[in-house]
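# Architecture at a glance
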Amino acid sequence: MNEPARPDPDALLRTLALAKGGARPGSGERPRGRLKVFLGAAPGVGKTCEMLDDAAARRNAGLDVVIGLVETHGRMETVARTAGFETVPRKVIEHHGRTLEEMDIDAVLARRPALVLVDELAHTNAPGSRHDKRYQDVEEVLDAGIDVYSTLNIQHIESLNDVVASFTRVRVRETLPDRVLEQAELEIVDLPPDELIERLRDGKVYVPEEAGRALAHFFSKSNLSALRELALRRAAQAIDAQMLDHVRAHALAGKWAAGERLVVAISEQTGCGGLVRSAKRMADALGAPWTAVHVETTRELGLSDAERRQLAATLELAQHLGGQTATIPAESVTEGLSAYLDEARATQLILGKATRSRWHEWRHGSVVDRMVRHGSGIAVHVLTLEDNPDSARTAQASIGRRITPDRWGTPAGYAISLGLVALVTLIGHSISSLGNVTNIALLYLLPVLVAATRHGLRTGLATGLASSLAYNFFFIPPLYTFTIADPQNLITVMVLLGIAVLVSQMASRVRDHALLARNSAAQNGALAGFARHLTGISSEMELGQVLCAEVARLLDVRAALLLPENGNLEVRAANPPENRMETLENAAARWAFDNNRRAGRGSDTLTACEWLFTPIGATGHVLGVLGIARDDTAAPLRIDQMPLLSSLLDQAGLAFERIALEHEMSNVAKLREQDRLRTALLSSVSHDLRTPLTAIIGNLDAIRPADPVQADQLGTARAEAERLRGFVANLLDMARIEAGVLTRSSEPVDLADAIAGAVHDLRTRLTANPIHMDVSPDLPFVLVDPQLFQQCLINLIDNAAKYGEPGTPITIAAQREPGLLKLMVMDEGPGLPPGEEDRIFETFARIEGSDRKGGTGLGLAIVRGFCTAMGLSVSAANRASTHGACFTISFDDAHLTNAEEPA
């Protein structure tokens, strides 16, 4: 306990991960970026404005800062603060006919600024995005070594979601894990409730109609006050945790009591549940974290099953109430508790005082008294343990039944020990026959050591008493009597007896520690062997068999692994293999899988089930459940076996996740290889066809037959050759898009001229469909690549000609909206099947009936590829006023310009 403090490796790694320029733990990659979160109690407190002001100061200091995504929500004060920042163009995503915008991760990574601003950290991305959540986008940016500023409201934190819903009556769906904030620097953006309500009334947060509803519900003063308190407490906890990491990483002494930290000591006694509840109430009143600690000493070997169940129930109660739990081994309760208090930098300790006799306290001492005397710098709260008399009698009876034979020794142990005493007596007689030897008494310590070490304390004490009597009877005058004539011999016998008792206690303690160490080593060895075995497994079936076999061997139970398949849980592995699940077992397994909690016998749910089902999870997701049962229908799991089972399932969960990732990576590699081969094939075929097609078309143009029939046939051949050349051009364009080698420029283009040029190029294919143009000459020019944009128009108009009914017009219209210009190409054909609006732009995708029209399914894919390359968006939908399809190219303000402006 007096060893100098050493840096905590885990805290040091966390500190390095958060430090600027610190590489990520366990990797040799470049330093990870830092995340700073501006945390507020509610919308409208000024998080985004504060983020922009802080970023502006850093930009003015010479830092490279860009906006990845900032939501202004139409607030002019926020819009004004975005001026002067470079903004990375957003990624446009089409979803069910709607155009959605998200942060373009690839563009941010390609730009590689020093700092990027990403608003609304808990936002859920649009379907089709790379990640489901925006915080996952941010983590990818951080992994690339780019710092990130972001904003968050307190109600979006996962652990506080239920708390917020309890008083606001609003369940927030967009949440993020607490671990994201644990790795971030927090800055509180605070605004008193009255000022926030005033901002709402002034229309600075929502429009007046929405502001009125908000004030009547979510934005009441009581709700805002509670949310404000939660935000301040959460920030204080995060800062306290980071401070403790720094203190532990640098091995700094002292409590560092900037915030309260509670520890409650628990044992197997029945009244410890009240201690845990008192600790919870005190922690809530102080707004402090708390931990329930159990110190494991050699006396654990003598605990009964009832006491072990009571201890496990107390630990589970602490977890259920939101506290952390810890079990630490130590020589004594005082030593272990003191070491943990120093490690946790605890400021308050809660102890229970049981009713003990003075004789018991005189023999064993009082933990409470020792902690009060030695607990420097910590407040000690002593509560009286309220024992249940019936429970105490039941536990005492159980103790007597279970541990009496072991604690009082065995007949064989006593017989062996007495035999050793007799052997030492014979050896002593042999030695004394050679002369008067006064040190024969020391020989009797040997059987005492052997008895206490191998058979326990009480056998050692009995052996010590027997040794003293034997020494008196055979070697102290008068011989062969228990009478002691010389007082010096009396002292010798008493000293021998005292030394025997002391040696018995020390040897017994060494024996108990050896048993604990052996059990711990056996458990650690089993876990290490299991972990080594898992590294060579590459299939779920094999992993399931290994897991069931290992659990069955270590816990002496039947084991079955259930994994999800087609919406149901199916038995994928079992030991023994004849296990089958009945209706009740299936219900318990499903409940455990859905709720991520144990179910079945030994739990508090569906206890009539013979099996105990425990979920297997990794990274917050449940992957399956493991069921265990005994042939004698007893409780499948002893309390002391729970940590071992939890460790096995944790390792198995990581292995299942690793196998899934390996399969996913293998599939990705196959898809990449398929894409590479397809691109190479497209490029090769298109280039090989282009040269002979050029020669064929040139020769056909040079032929001038005099016969009208031959002229018609030649015209048909020339038209088909031109159509084939169009297919080859599409193949080349698609190959360029997929290879990422498009070269593009940006020039002002008049929409009317571009449309006229595309119609002119398609004049031979538009004989059956007249063109109706509705393009105002007052529209601004568009900034596009002329060649790519021309090809987009050609493909869209050609597509309308293919699928429009003969004789129906093709309408090309331009519509100006605030911040947007839309160019629409509309036909009067059968339209698009429901749900095909987005798939129609995929490579080689063709809607029902397209085989009769010809085509390769590349035209619209090329349109989307070219539009994406130019920063435009394209969408498809059915016309509302009549039948037919409508394809729309959208230009934002960044792609609009006046004719006089330079390109």
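Structure shown above.
Note that the coordinates shown come from a computational prediction; the quantities given were computed from them, not determined experimentally.

On to the sheet that holds strand S7 (residues 147-153), then. The strand order across the open sheet built from six strands is S3-S2-S6-S7-S1-S8, with neighbouring strands paired in parallel fashion. Strands at the two margins of the open sheet, each flanked by one partner only, are strand S3 (86-87) and strand S8 (185-189). Pairing between strand S2 (residues 65-69) and strand S6 (residues 115-118): four bridges, direction parallel. Along S6, the bridge assignment pairs Ile-67 with Leu-117. Packing against the sheet, helix H2 (residues 47-60) makes contact with strand S1 (35-40), S2, S6, S7 and S8, and its axis sits at approximately 165° to S7.

The geometry of helix H11 (residues 272-286) relative to helix H12 (residues 305-320) is characterised by a closest axis approach of 9 Å and an angle of 15° between their N-to-C directions. Overall, the two elements H11 and H12 adopt an arrangement that is roughly parallel. As for the relative orientation of H11 and H12, their crossing is right-handed in sense. Touching Cys-272, Gly-273, Val-276 and Arg-277 of H11 are Thr-314, Leu-317 and Ala-318, all from H12. Tallied by class, the residues present in the contact of H11 with H12 amount to four nonpolar, two polar and one charged.

Let us now look at the packing of helix H25 (residues 751-761) against helix H26 (residues 786-803). At a closest axis distance of 9 Å, the pairing of H25 and H26 adopts a crossing angle of 55°. The orientation of H25 relative to H26 falls into the category oblique. The interaxial crossing formed by H25 with H26 has right-handed handedness. On H26, the residues that touch Leu-751, Ala-754, Ile-755, Gly-757, Ala-758, Val-759 and Asp-761 of H25 are Phe-789, Gln-790, Leu-793, Ile-794 and Ile-797. Per-class residue counts for the contact of H25 with H26 are nine nonpolar, two polar and one charged.

This brings us to the packing of aromatic side chains. Enumeration over the complete set of coordinates arrives at five aromatic pairs. Centre to centre, the rings of Phe-473 and Phe-474 are 5.0 Å apart; their planes meet at 80°, and the pair counts as edge-to-face. On the basis of relative accessible area, Phe-474 is assigned to the partly exposed category, the value being 27%. Arranged with centres 5.9 Å apart and planes meeting at 70°, the rings of Phe-789 and Phe-891 form a pair that is edge-to-face. Residue Phe-789 is found in helix H26, and its partner Phe-891 is found in strand S25 (residues 885-892); the two are separated by 102 residues along the sequence.

Before going further, it helps to spend a moment on the environment of Glu-102. Take Glu-102: it is sitting in strand S5 (residues 98-102). Judged by relative accessible area, Glu-102 falls into the buried class, the value being 6%. Through-space distance from the C-alpha of Glu-102 to that of Val-92 is 6.6 Å; in sequence the pair is 10 residues apart. Leave out the neighbours within four places in its chain, and Glu-102 touches Leu-69, Arg-90, Lys-91, Ile-93, His-123, Thr-124, Asn-125, Ala-126, Ser-129 and Arg-134.

Under the counting rule described, the total for this entry stands at zero disulfides. Cysteine Cys-867 is unpaired, with the sulfur of Cys-792 as its nearest cysteine sulfur at 4.0 Å. Residue class for Cys-867 comes out buried when judged on its relative accessible area of 0%.

Let us now look at a nonpolar patch on the surface. Together, Leu-465, Leu-469 and Phe-482 give the surface a local cluster of nonpolar side chains, amounting to about 290 Å² of exposed area. Here Leu-465 shows up in helix H19 (residues 457-475). Leu-465 gets classed as partly exposed once you look at its relative accessible area, which sits at 44%.

Inside soluble globular proteins, nonpolar side chains tend to come together where they are buried. Formed by 45 residues in total, the largest nonpolar core has its most connected members in Leu-751, Phe-789, Leu-823, Ile-889 and Phe-891. Elements that contribute at least two residues to this core include exactly H25, strand S21 (781-784), H26, strand S22 (810-817), strand S23 (820-826), helix H27 (859-869), strand S24 (873-878) and S25. Counting residues per element, this core draws most heavily on H26, which supplies nine residues. Leaving out residues up to four positions away in the same chain, Phe-891 has contacts with Leu-751, Val-782, Val-784, Phe-789, Gly-819, Leu-820, Leu-821, Leu-823, Leu-872 and Leu-896.

Cut-offs applied
- Residues numbered from 1 in each chain as written.
- Predicted model: local features only at pLDDT ≥ 70, side-chain atom pairs only at ≥ 80, totals over all residues.
- Heavy atoms only, no water.
- Pairing = 2+ DSSP bridges.
- Helix = DSSP H or I, 4+ residues; strand = E, 2+ residues; numbered from the N terminus.
- Contact = heavy atoms within 4.5 Å.
- Axes fitted to C-alpha atoms, helices over the stretch in contact; angles between N-to-C directions.
- Parallel < 35°, antiparallel > 145°, perpendicular 65-115°, else oblique.
- Left-handed = near helix turned anticlockwise from the far one by under 90°.
- Nonpolar A, V, L, I, M, F, W, Y, C, P; charged D, E, K, R; others polar.
- Phe/Tyr/Trp six-rings, centres within 6.5 Å; stacked < 30°, edge-to-face > 60°.
- Buried < 20%, exposed > 50% of the residue type's maximum accessible area, 1.4 Å probe, protein only.
- Disulfide = S-S within 2.5 Å.
- Patch = residues over 30% accessible without salt bridge, like charges linked within 9 Å, V, L, I, M, F, W, Y side chains within 5 Å.
- Areas by Shrake-Rupley, 256 points an atom, 1.4 Å probe, with all protein chains shown as cover.
- Salt bridge = Lys/Arg side-chain N within 4 Å of Asp/Glu carboxyl O.
- Core = buried A, V, L, I, M, F, W, Y, C linked by side-chain atoms within 4.5 Å.

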